[in-house]
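Here are the chains, one letter per residue:
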Amino acid sequence: MSSPVSATATTYLANIPSPPQGVWHVGPVPLRAYALCIIVGIVVAILWGDRRWVARGGRKGTVTDVAVFAVPFGLVGGRLYHVATDWHKYFGPDRNPIDAFKVWEGGLGIWGAVALGAVGAWIGCRYRGVPLPAFADAVAPGLILAQAIGRLGTWFNQELYGEPTTLPWGLEIYRRIDPSNGLADPINGQALDMTPVAVVHPTFLYELLWNVLVAVLLVLVDRRFRLGRGRLFALYVALYCVGRLWIEMM
């Protein structure tokens, strides 16, 4: 019969560990995992979207040209949505409104990113003379895959997790501190003690896996039914909403 200590150790070994930190410094330059994940996701979406656009008869480089407008608009929209829905984090008691501009510390709302990003894409499509619905269908699978990659950034930041759980795939949350002063610093700090302070549902992983599944489904449906006129993009939005609904409930 196992002891409580060994049982606890076995439980921890079965859990998903969080990274001990999400920021590394190369001299004075901070390398933030959250930002790197966002950048990688954008690059993947552009490369895959351009490939799909060319396969549909479009000109190579069009997706990159449109992304010059869509990406900045999307980032601004995502941040505005996050600040509007979590305003108490920046404008509540003992809060610093300047923190609302610190995008590198996490916090991008997907609906704001999609809404304002679509405005940027519309401007870019007008500039290049391409129809927005056809463009949206071409980039839809890449967008949802980019969201999956971006979810890794929330894992590094130890944010957007669910309720406590005893399931074997629970996510371990650690107390991060600033080594220079010993004060709590969840975003920029380091976990010096790898004993978890909580074990929670890894909702970042649930959404990541769902987004990858949606990307695969979009490709298969597009090949089978040859959707057009923005219908594949609409399917992307609908499927993402289905997954996000049950994940939000956690």
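In this report, the structure presented in the accompanying data block is examined. Given the structure is predicted, the values throughout are model-derived calculations rather than measurements. (Residues numbered from 1 in each chain as written. Predicted model: local features only at pLDDT ≥ 70, side-chain atom pairs only at ≥ 80, totals over all residues. Heavy atoms only, no water.)

Section: the overall build of the chain
The criterion, for reference: Secondary structure counts use DSSP, requiring at least four H or I residues in a row for a helix and at least two E residues in a row for a strand, with both numbered from the N terminus. Burial classification: accessible surface area is computed with a 1.4 Å probe over protein chains only, and a residue below 20% of its type maximum counts as buried, one above 50% as exposed, and the rest as partly exposed. Note on contacts: a residue pair is in contact if any heavy atoms of the two residues lie within 4.5 Å. Counted as positive: Lys and Arg. Counted as negative: Asp and Glu. His and the chain ends are not counted at all. Charged side chains are reduced to one point each, which is NZ for Lys, CZ for Arg, CG for Asp and CD for Glu.
Within the chain, the regular secondary structure consists of 8 helices and 4 strands. Taken across its 250 residues, the chain has 41% of its residues classed as buried. Long-range contacts, defined here as pairs at least 24 residues apart, represent 73% of the contacts in the chain between residues at least 6 apart. Of the charged side chains in the chain, 21 are positive and 16 negative, and the gap between their average positions amounts to 14 Å.

A short note on helix α5 (residues 110–128)
Selection rule: Expected span, for any helix, means 1.5 Å times one less than how many residues it has.
Here α5 is 19 residues long and its end C-alpha atoms lie 25 Å apart, about the 27 Å a rise of 1.5 Å per residue gives. Of all the positions in α5, only Ile110, Gly112, Gly117, Gly120, Ala121, Gly124 and Cys125 are classed as buried. Looking at the buried positions of α5, the neighbouring elements they touch are α3 (62–85), α6 (132–156) and α8 (231–248). Of the residues flanking the end of α5, it is Gly129, one or two places downstream, whose phi is positive at about 70°.

What about the packing of aromatic side chains?
Inclusion rule: Aromatic rings from Phe, Tyr and Trp, with only the six-membered ring used for Trp, were paired whenever their centres fell within 6.5 Å, and each pair was classed as stacked if the ring planes differed by under 30 degrees, edge-to-face if by over 60, and tilted otherwise.
Throughout the structure, instances matching the rule amount to 8 aromatic pairs. Considering the side-chain rings of Phe69 and Tyr127, the 5.8 Å spacing of their centres and the 50° angle between planes classify their relative orientation as tilted. You can see Phe69 sitting in helix α3 and its partner Tyr127 sitting in helix α5, a full 58 residues away along the chain. Accessibility expressed as a relative area gives 60% for Tyr127, which makes it exposed.

Focus: α3
This is how the line gets drawn: Here the bend at a residue means the angle between the axes of two seven-residue stretches, the one that ends at it and the one that starts at it.
Its 24 residues place the ends of α3 34 Å apart at the C-alpha level, agreeing with the 34 Å of an ideal helix rising 1.5 Å per residue. The largest bend in α3 comes to about 40°, at Val68, with the proline Pro72 one to four residues further on. Those residues of α3 that fall on the buried side of the exposure criterion are Thr62, Val63, Val66, Ala67, Ala70, Gly74, Gly77, Gly78, Arg79, His82 and Val83. As for α3, its buried residues are in contact with α2 (33–55), α4 (88–91), α5 and α6.

Some points on the pattern of salt bridges
Stated precisely, the cut-off is as follows: Salt bridge criterion: a side-chain nitrogen from Lys or Arg within 4 Å of a carboxyl oxygen from Asp or Glu.
Tallying each qualifying case throughout the model produces 7 salt bridges. Two residues, Arg52 and Asp222, come together in a salt bridge whose shortest N-O distance is 3.0 Å. Separated by 170 residues along the polypeptide, Arg52 in helix α2 and Asp222 in helix α7 (residues 203–225) bring together distant segments of the chain. On the accessibility criterion, Arg52 (12% relative accessible area) is buried.

Section: the pairing of strand β2 (residues 29–32)
Stated formally: In this scheme, strands are said to pair when DSSP sees at least two bridges between them.
Strand direction decides the pairing type here: strand β1 (residues 23–26) and β2, joined by 4 bridges, are antiparallel. Bridge pairing in β2 links His25 to Pro30. Hairpin connection, β1 to β2: the antiparallel pair is bridged by 2 residues, and Gly27 has positive phi, about 65°.

Things to note about the environment of Pro30
Looking at the secondary structure, you find Pro30 in strand β2. Its relative accessible area of 35% is what places Pro30 among the partly exposed residues. A sequence separation of 41 residues divides Pro30 from Val71, and the C-alpha atoms of the two residues are 22 Å apart. What Pro30 contacts, discounting residues up to four positions off in sequence, is Val23, Trp24 and His25.

Coordinates in, geometry out; function isn't part of it.
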